[in-house]
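# Results of the structural survey
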Amino acid sequence: MAHVAPTSHRRPARASHRGHRSDAGDGSVRTSSWLGLAFAFVVGWLLTFQAHVGVHAAGVTLLVMLVPVTIGTFVAGFRQGVGSWKAALCAAAGLAFTLLKFFF
């Protein structure tokens with residue numbers, strides 16, 4: 001039979017943090033999230049412009065991974081509030097340029 005610790009020594013149950021919001025204030029998407037996405041798009045483009053095959057592949061991989069993350073951030077932004085429209089437009093421009101680059 002397995003040993004079970006007495007109830008007096010067990011850790012208390014922790015409260016769920018699902019409803020917990022960080023100090024963003026109104027719950028909208030933070031400006032740093034938008035700017036981070038825009039910066040990551042720029043890094044991905046710079047990597048794809050390199051001649052080395054591995055570096056180019058790393059840039060393409062980064063851009064491919066950023067597309068669903070950016071779309072998810074926009075969905076969250078429309079649900080909870082976009083936050084900074086200027087920063088969101090920078091991320092939208094990065095997404096649009098990337099999609100145009102992949103399809104044309």
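Let me sum up the structure you'll find in this document. (Residues numbered from 1 in each chain as written. Predicted model: local features only at pLDDT ≥ 70, side-chain atom pairs only at ≥ 80, totals over all residues. Heavy atoms only, no water.)

Our focus in this paragraph is the packing of helix α1 (residues 31-48) against helix α3 (residues 85-103). The contact between α1 and α3 brings their axes to 8 Å, and the two run at 30°. Between α1 and α3, the angle falls in the class roughly parallel. Considering only the axes of α1 and α3, their crossing is left-handed. Two secondary-structure elements touch here, α1 through Thr 31, Trp 34, Leu 35, Leu 37, Ala 38, Phe 41, Trp 45 and Thr 48 and α3 through Ala 87, Ala 88, Cys 90, Ala 91, Gly 94, Leu 95, Phe 97, Thr 98 and Lys 101. Counted by class, the contact of α1 with α3 contains 12 nonpolar, four polar and one charged residues. (Axes fitted to C-alpha atoms, helices over the stretch in contact; angles between N-to-C directions. Helix = DSSP H or I, 4+ residues; strand = E, 2+ residues; numbered from the N terminus. Parallel < 35°, antiparallel > 145°, perpendicular 65-115°, else oblique. Left-handed = near helix turned anticlockwise from the far one by under 90°. Contact = heavy atoms within 4.5 Å. Nonpolar A, V, L, I, M, F, W, Y, C, P; charged D, E, K, R; others polar.)

Now for α1. Its 18 residues give α1 an end-to-end C-alpha distance of 26 Å, which sits within 8% of 26 Å, the value for a rise of 1.5 Å per residue. Regarding α1, the residues found buried are Trp 34, Leu 37, Ala 38, Ala 40, Phe 41, Gly 44, Trp 45 and Thr 48. The buried residues of α1 occupy one face: seen down the axis, they fall within an arc of 160°. Across α1 from its buried face, at more than 90 degrees, point the exposed residues Ser 32, Phe 39 and Leu 46. Each element contacted by the buried residues of α1 is listed here: α2 (53-80) and α3. (Expected span 1.5 Å × (residues − 1). Buried < 20%, exposed > 50% of the residue type's maximum accessible area, 1.4 Å probe, protein only. Arc of directions from axis to C-beta.)

Once that is clear, we can look at the nonpolar core. Trp 34, Leu 37, Phe 41, Leu 66 and Ala 88 are the most contacted members of the largest nonpolar core, which totals 15 residues. Contributions of two or more residues to this core are made by α1, α2 and α3. It is α1 that provides the largest number of residues to this core, a total of five residues. Those residues within four positions of Leu 37 in sequence are excluded, and the remaining contacts are Leu 66, Val 69, Thr 70, Thr 73 and Ala 91. (Core = buried A, V, L, I, M, F, W, Y, C linked by side-chain atoms within 4.5 Å.)

Any link to function would need more than the numbers given here.
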